[in-house]
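Close look at the chain arrangement
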Protein chains: 2
Amino acid sequence: MLDQVEIDDKFWNTRVETNRDVTIQYQYEQLEASGCLDNFRLVSEGEGGGFTGPMFMDSDAYKWLESASYVLATESDQSLKTRVDEVVSLVAGAQAEDGYLHTYFMLEAPEMRWTNRNLMHELYCAGHLIEAAVAHHQATDETDLLDVATKFADHIDDRFGPGDDEGVPGHEEIELALVKLYRETGTERYLDLARFFIDARGRDPSPLADELDRIEEIGGANFNHHDIDAAEISRNHFLNEDGEYDGSYAQDHLPLREQETVEGHAVRAMYLFAGAAMLLTESDDEDDELSVALERLWDNMTGRRMYITGGIGSEHEHEGFTDDFDLPNRTAYAETCAAVGSIFWNQAMFELTEDARHPALIERTLYNGFLSGISNDGTHFFYVNPLESDGDHHRKEWFYVACCPPNASRLLASLGQYIYGQSKDTLYINQYIGSSAQVTVGDATVELNQQADFPWEGTARVEFSVDEPTTFELALRIPEWATNATVRIAGEDVAVDSEDGFARIERTWQDGDSVDIRFPMKVEKQVAHPEVRNNAGKVALSRGPLVYCAEDVDNPVSPQELVISETDSLQAIHHPDMLDGVTTIEGEVSATKVADWGTNLYLPVDEVPDQRVYMTAVPYYVWDNRDSGPMSVWLTTDYVR
Amino acid sequence: MLDQVEIDDKFWNTRVETNRDVTIQYQYEQLEASGCLDNFRLVSEGEGGGFTGPMFMDSDAYKWLESASYVLATESDQSLKTRVDEVVSLVAGAQAEDGYLHTYFMLEAPEMRWTNRNLMHELYCAGHLIEAAVAHHQATDETDLLDVATKFADHIDDRFGPGDDEGVPGHEEIELALVKLYRETGTERYLDLARFFIDARGRDPSPLADELDRIEEIGGANFNHHDIDAAEISRNHFLNEDGEYDGSYAQDHLPLREQETVEGHAVRAMYLFAGAAMLLTESDDEDDELSVALERLWDNMTGRRMYITGGIGSEHEHEGFTDDFDLPNRTAYAETCAAVGSIFWNQAMFELTEDARHPALIERTLYNGFLSGISNDGTHFFYVNPLESDGDHHRKEWFYVACCPPNASRLLASLGQYIYGQSKDTLYINQYIGSSAQVTVGDATVELNQQADFPWEGTARVEFSVDEPTTFELALRIPEWATNATVRIAGEDVAVDSEDGFARIERTWQDGDSVDIRFPMKVEKQVAHPEVRNNAGKVALSRGPLVYCAEDVDNPVSPQELVISETDSLQAIHHPDMLDGVTTIEGEVSATKVADWGTNLYLPVDEVPDQRVYMTAVPYYVWDNRDSGPMSVWLTTDYVR
């Protein structure tokens, strides 16, 4: 196994540090301010009543514990450790004798436990508790939170399973958490329980449909807390136009093995698919049907239902997927949490398949649809990441449903997990992010040190320290945007054959060997599939892993008025003082002269008034960090001016 | 005044004849089948009850009478005349002693007369009765229907006016009809009443708002006839998001003189504006404020809120206008009736201003957004005229709310009214449509005979017969699409100065003088204003007055996949046997090879798979006359393949 990876990277350091020093701090303050921690305290006091916040708010504390644990894994921070101890103790103090833990029900409706698994997120919160506990145990070697998690997991396993309560959660999360718990503890029942929750989904009739039928009885007044009308929400999400149950919102429309397309709420889908991929990795038996289904769903998502930023979920109402090629830019949902979920799923897919397409998609998502979710100063967040704006969409400090900031935070705090991969005798370098790590390959210990210039330049250098010469295969991921990639080992060029997306170099590595890679970046114009109707006649600019956008603040005309022609020469220019250092794409292009249209609504091509303007595009992730105004990723391209 | 114009035109003859022989016949049968005529019979029988159809169905009979009268004006058709006599007698027989006439109220709710002027369309039906009566009187010189109309108009004038009932109609129509009635009878009170209805609109508080407040009382059970819930419909149309009255649906949001933008239901708006322009033409005093308002509204409509086809009304729900530049293609409403209304308004504007832009817009609308409403065989009609289709939008024989087919019918039957114009000593030729007419210019009688090759070729010839040499100015409209227009008089070229849109030729005309005009047509690519976001990167093909579209049936790929480049050579080819004779636009263009995209969703520009295909575009008006399939007016243009 890979030991802890420490990030030391020109691009990511400030983000990781701001996350540690500001976001995780702020997040903790929110746990107090929102009443999240008070809910646990009230449960300990045992008097009942007084719950505050949305019914899944316990998960805020768990996500914070997970992020904080990732920090503690690589840094000694006594004040953070003290806080973690306090929160762990609050959580542990609230747990029921029988292992149950969900402060909403314990305070407000103890008799209603497990009656509305669809909406009330008990299993979802349990999953986040487990993820936090595993991270906490790995970081501290202490077992107090892990004990809480296993006790709750045991309680859940006693209740749920074939022949017992065969209900499934309305929001997936516990599946992947249980696989993590199995990995950490070796206890098979957790893996079996994960398998049960995955396999039990999508049956006909669905237990979720049964809950919906009884929603007034089980979800009436008791759940009408804080203006949340469980019955109405559930009906909106789970009834089709004919008033019949349609479980696709929660991937409950078909057994996972039979699903053809990615459907419903995108975060739910990503968590389910991640859990299934992790389950497959841990399963001894081959489960071709499940693995074929995951590949099929991945193809559907990436080939038909994903923004060029890696963002997913086209639609606000269901926060989720719609139809093939339905990718509106202005009204895109593309939730930050869904980007995080996609990274989780792709990491699990890579561990299962060792296929380069998965770290490639992680790269796309990380630098675009995920990173856009966080402001440059690390303190403001997008929940929704559109690809076009009139200038009225801005990051906020926090949200009542505070899923995105903590999800972004735990990803940044665990970024090291996505850089390297390992299988038998192969060491994978999946992401070019400056870092150091210690790896055990066969019997030998290898120390790696990577310096990288991503995402501004496609150059990186990896140095190896070994006690004695060690033979293993090094697999360097060659990004799909890289043409003429070159690799030098110990100063000598090696041939790059990257048919499967990796340059694979088997060699006996000497102490001090280094690998230099160079992936030339050039300004590219990307075109969308012709069935993405709203992108017809448009291009998106990209360079290396970054998708670009034009913001009003940098341009003499509104982004919608820019017209990029084939003959326009666009150049990448690095500005060290702009937006904490960015490479822009700049050049002279055409633009319609809107004012000169006067009262004309239609004009023959040769009478269209145009002008030459100097345009500047910035990386998509950095938009809305300055004066607000229109923004667009997709820019008109037109020879006719 | 211009005497009756007789059409004899290669393009229009079959349409005018089909309208006369098939549509007007079919329309009559519908009057019986729908129960429309029975409503009049039941009123005569005096027993009450039994009303059938929508509450404005009387207008179907009136529109038919109007169309049939236009036919009788130029043709002697005894069987049609007999039917007209019968219907006139049914209508006359149903009129109340006091002049009131609206079969719904007379049969179902006599005590509720005039209580819901917003929705129940009494004044709207009265307007159509008056229009029919004027046409009938002009065609036959008989006064029986005109007597019914004046008696009803007198009744209305007795009730409505300053200091009396100051209510206004929910659907404009009576305003323009009253001006017509004034023109026909010379009775000033009708002009004054038209002025009252126009001026009384848009007051605060509005009488329509008052009716809405009392809607349950006045519009409850009594009006819930045939599943029409007056209360719900009215609230949907007239309450804004905050539940406050917003009269813009019926142009009742502001006094007409203060309106800045065209708002609400498009047909209502056109009828109001037409009425106002006609009122101004008949008014002795200059009314600058009203005339400035009409110019401003015309600029807003044509420069910001009109499809390239002349269609208006972007949105289905309100059948009307939305925001500037909001012109979606697939979901366009662009009702056939609104196109007819736009022609009415522009004719009235021309009579008021003699500005060439108005007949130019009539030409655009006539050959595109209006004509698309009628199938080639003249028996199927579009209510809605989108500019893009997936192949699931088709013409129908008739509609429950049967406004469009009769409106199309009365326009075709009166097409002659739009060809010529006259003021003092100027004779205008506004449309190039084969026809003959007799005109009185000064003291002399001039006979005109026009032959035209529109819309396929821009050539026409006008011959004059005069008893003695006659001096007048001939003003030939030079279409805005015509470049290098040439005019020859009596075989000699004359210089064409068309700064105001007309070539004006003052001359003493000899018997047998002829004018030959030639407006070369070429294939044009039209571009939409850059703020029409959905047309960015697209062009519409046009030639002469016709806008073109690509239909699936003529092309090897779906219209959405065609990509037209600057270097592509597109040619006009006339096919006499295709679609009753059409000139198509054809040529080799590029097309994305959708199949070759495989699972790719985004590709760099230089990897996009393309092919050369032979494309064919047909005039927009003729779409959906063959096998159904996707259609698009706006086609992608892209240099990048």
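Cut-offs used in this document
- Residues numbered from 1 in each chain as written.
- Chains lettered and ligands numbered in written order.
- Predicted model: local features only at pLDDT ≥ 70, side-chain atom pairs only at ≥ 80, totals over all residues.
- Heavy atoms only, no water.
- Helix = DSSP H or I, 4+ residues; strand = E, 2+ residues; numbered from the N terminus.
- Buried < 20%, exposed > 50% of the residue type's maximum accessible area, 1.4 Å probe, protein only.
- Contact = heavy atoms within 4.5 Å.
- Areas by Shrake-Rupley, 256 points an atom, 1.4 Å probe, with all protein chains shown as cover.
- Lys, Arg positive; Asp, Glu negative; His and termini not counted.
- Charge placed at Lys NZ, Arg CZ, Asp CG, Glu CD.
- Pairing = 2+ DSSP bridges.
- Axes fitted to C-alpha atoms, helices over the stretch in contact; angles between N-to-C directions.
- Core = buried A, V, L, I, M, F, W, Y, C linked by side-chain atoms within 4.5 Å.
- Least-squares fit on C-alpha atoms with pLDDT ≥ 70 in both.

1. Let's talk about the overall build of chain A
Of the regular secondary structure elements, chain A holds 17 helices and 22 strands. Considering only C-alpha atoms, chain A reaches an extent of 75 × 75 × 50 Å along its principal axes. Out of the 641 residues belonging to chain A, those deemed buried represent 63%. Of the contacts formed within chain A by residues at least 6 apart in sequence, a portion of 69% connects residues at least 24 apart. Per element, the accessible surface of chain A, about 22,800 Å² overall, is 43% carbon and sulfur. Seen as two clouds, the 46 positive and the 121 negative side-chain charges of chain A have centres 4 Å apart.

2. Regarding the sheet that holds strand 8 (residues 470-477) of chain B
All names here are of chain B. Taken together, the 4 strands give an open sheet; going across it, the order is 3-4-8-11, and neighbouring strands pair in mixed fashion. Strands with a single pairing partner mark the edges of an open sheet, and in this sheet they are strand 3 (420-423) and strand 11 (502-509). Going from strand to strand, the sheet's axes swing by 25° on average, the running direction of each strand aside. Relative to strand 11, strand 8 is paired through 8 bridges, and the arrangement is antiparallel. Pairing of Arg477 across the sheet is with Phe502, part of strand 11.

3. Examining the sheet that holds strand 8 (residues 470-477) of chain A
Residue and element names in this part refer to chain A. Taken in spatial order, the 4 strands make up an open sheet running 3-4-8-11, and their pairing is mixed. The two strands at the open ends of the sheet, each matched to only one other strand, are strand 3 (420-423) and strand 11 (502-509). Neighbour-to-neighbour, the strand axes of the sheet open up by a mean angle of 25°, direction not taken into account.

4. Some words on the pairing of strand 13 (residues 523-528) of chain B
Residue and element names in this part refer to chain B. Counting buried positions along strand 13 gives 5 out of 6 residues, so the element sits mostly inside the fold. Here strand 13 runs beside strand 14 (residues 538-543); their pairing, made up of 4 bridges, is antiparallel. When the bridges of strand 14 are listed, Gln526 appears paired with Ala540.

5. Considerations on the nonpolar core
Side chains of a nonpolar character, in soluble globular proteins, are inclined to be buried together. Within the largest apolar cluster, 210 residues are counted, with the highest numbers of intra-cluster contacts made by Trp345 and Phe370 of chain A. Ranked by residues supplied to this core, first place goes to helix 13 (residues 266-282) of chain A with 13 residues. Once you skip the residues sitting within four places of it in the chain, Trp345 of chain A turns out to touch Met270, Phe273, Ala274, Ala277, Leu294, Leu297, Trp298 and Met301 of chain A. In this structure, Val5, Ile156, Ile419 and Leu476 of chain B belong to the second largest nonpolar core, which totals 203 residues.

6. Regarding the relation of the copies chain B and chain A
Put simply, the two copies of the chain differ by a rotation about an axis and a shift along that axis. The transform that puts chain B on chain A rotates by 179° and translates by 0.0 Å along the axis, for an RMSD of 0.1 Å. Both copies of the chain, as the preceding transformation shows, are related through a two-fold rotation axis. An overlap of 100% is found between the interface residues of chain B and their copies at the interface of chain A, pointing to a shared contact surface.

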